[in-house]
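# Structural characterization, general
The residues making up each chain are set out below.
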Amino acid sequence: MKPQDIIKEKSSLWIFGYGSLVWKPDFEHKRRKIGYIRGYKRRFWHGDDFHRGDKEKVRFAATPGTQVFPADSDPLGVRSCIFRCRLQYVVVKYEAFSCWLLSSYCRCFCSLQPARVVTLIADEEACTWGVAYEVTECQVEASLQYLNMREVVQGGYITEMVEFIPKDGHGSVLSLVYIATPDNPIYLGPASDGEIAAQIAICRGNTGHNIEYLVRLAEFMRHHCPEVEDEHLFSIETAVLNIFSNCRELRSNDRKSLLLEVI
Ligand SMILES: N[C@@H](CCC(=O)N[C@@H](CS)C(=O)NCC(=O)O)C(=O)O
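Scope of this entry: the structure provided in the associated data block.

The rules behind the values
- Residues numbered from 1 in each chain as written.
- Predicted model: local features only at pLDDT ≥ 70, side-chain atom pairs only at ≥ 80, totals over all residues.
- Helix = DSSP H or I, 4+ residues; strand = E, 2+ residues; numbered from the N terminus.
- Buried ≥ 20, exposed ≤ 12 C-beta atoms within 10 Å, placed from the backbone.
- Contact = placed C-beta atoms within 7 Å.
- Expected span 1.5 Å × (residues − 1).
- Bend = angle between axes of the 7 residues up to and from the residue.
- Core = buried A, V, L, I, M, F, W, Y, C linked by C-beta atoms within 7 Å.
- Near = placed C-beta within 6 Å.
- Nonpolar A, V, L, I, M, F, W, Y, C, P; charged D, E, K, R; others polar.
- Pairing = 2+ DSSP bridges.
- Axes fitted to C-alpha atoms, helices over the stretch in contact; angles between N-to-C directions.
- Left-handed = near helix turned anticlockwise from the far one by under 90°.

So, on to the overall build of the protein chain. The helix and strand inventory of the protein chain stands at eight helices and 10 strands. The burial tally for the protein chain puts 37% of its 263 residues in the buried class. Considering only intrachain contacts with a sequence separation of at least 6, the fraction spanning at least 24 residues in the protein chain is 73%.

Given below as structure tokens:
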């Protein structure tokens, strides 16, 4: 059933959020409930070149004064590193040859990629935790108009209806959810934790840094669903922390402040 058909029948609608919507709904709602949906896992597999990323390709030249931190290596021997230059961190991938170039000439180029944001991937065994918002009467149309622009036009997500189960297990409701599928042109698909983290570490868009997106989501899960294991989310958070762990200038000792300090 399409969302508009459901709206015709009801003066109230539930909208389930599992990404930025959990901490930043930005639409009026009557109430919210924390809970989960079954049959989907949350993954940082969608690209975003509007909210947390950029379409522009950037040429970057590292100068002799630039600090370089090793960040990641993968089985193909491609490595990435972080430059700290003029208060900006830039992740650059390089191979053995360009590594030599790097040390000889202290010069390198990179391009900014789209940010990494979450989508849902079908998986019978999995469930995804988040927040469902109830919108009623005139809030229904206003929220759908707002979310259509934010999630569909700017984000490339499509809508589905899923069963939402509140944390206490009672009163499940059908809810609207925004999902990005692999046929979307900015869908990025799977990558190693290190690669995803490297992308998150450098991307920034119209609404803020990609690190903020990750940190707010991880904080939501830690605070509201401490009993839930979200391995993908927390291992990417750890991978981003590892990228910056060599930087002695960072003073905060809790994960959230430490990561927010670098953006
Ligand atoms: N639709 C998802 C995730 C989608 C998501 O995070 N959307 C991005 C669009 S790329 C967004 O709205 N970002 C706003 C922001 O990061 O400020 C949700 O249920 O929260």
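Okay, back to it.
Moving on to helix 4 (residues 138-153). Under the 1.5 Å per step criterion, the end-to-end length of helix 4 is 22 Å for 16 residues, consistent within 8% with the ideal 22 Å. Where helix 4 bends most, at Leu-147, the angle is about 30°. Residues of helix 4 that are buried: Ser-143, Leu-144, Leu-147, Arg-150 and Glu-151.

Ranked by internal contacts, the top residues of the largest apolar core, which has 53 residues, are Phe-16, Ala-197, Leu-214 and Val-240. When residues of this core are assigned to their parent elements, the largest contribution, 10 residues, is made by strand 6 (residues 115-136). Residues within four places of Ala-197 in sequence aside, it is in contact with Ile-236, Ala-239, Val-240 and Ile-243.

As a matter of local geometry, the ligand sits amid 18 residues, with Gly-19, Ser-20, Leu-21, Gly-155 and Thr-207 nearest to it. The set of elements that each furnish at least two residues to the shell around the ligand consists of helix 2 (20-23), strand 6 and helix 4. Classifying every residue of the shell around the ligand gives seven nonpolar, six polar and five charged.

Let us look at helix 6 (residues 210-224). Here helix 6 contains 15 residues, and its C-alpha end-to-end distance of 21 Å stays within 8% of the 21 Å for a straight helix at 1.5 Å per residue. Along helix 6, the positions that sit buried rather than exposed are Asn-210, Ile-211, Tyr-213, Leu-214, Val-215, Leu-217, Ala-218 and Phe-220.

We now examine unusual backbone geometry. The backbone of Asp-26 shows a phi angle near 55°, a positive value even though the residue is not glycine. Along the chain, the position of Asp-26 falls in the loop between helix 2 and strand 2 (31-48). Of note, Glu-137 is a non-glycine position whose phi angle comes to about 45°, a positive value.

So, on to the sheet that holds strand 7 (residues 158-166). Strand order in the closed barrel formed by five strands is 1-6-2-7-8, with mixed pairing between adjacent strands. Taken over all neighbouring pairs, the strand axes of this sheet differ in orientation by 45° on average, direction set aside. In the sheet, strand 2 pairs with strand 6 via 15 bridges, with the strands oriented antiparallel. Each bridged residue has a counterpart across the sheet, and for Tyr-40 the counterpart in strand 6 is Ala-122.

Before going further, it helps to examine the packing of helix 5 (residues 193-202) against helix 7 (residues 231-244). For any two helices packed against each other, the geometry comes down to the angle between their axes and how far apart the axes lie. It is at 8 Å that the axes of helix 5 and helix 7 come closest, and there the two elements cross at 65°. Judged by the twist between their axes, the crossing of helix 5 over helix 7 is right-handed. Contacts between helix 5 and helix 7 involve Asp-193, Gly-194, Ile-196, Ala-197, Ala-198, Ile-200 and Ala-201 from the former and Ser-235, Ile-236, Ala-239, Val-240 and Ile-243 from the latter. Of the residues contributing to the contact of helix 5 with helix 7, the split by class is nine nonpolar, two polar and one charged.

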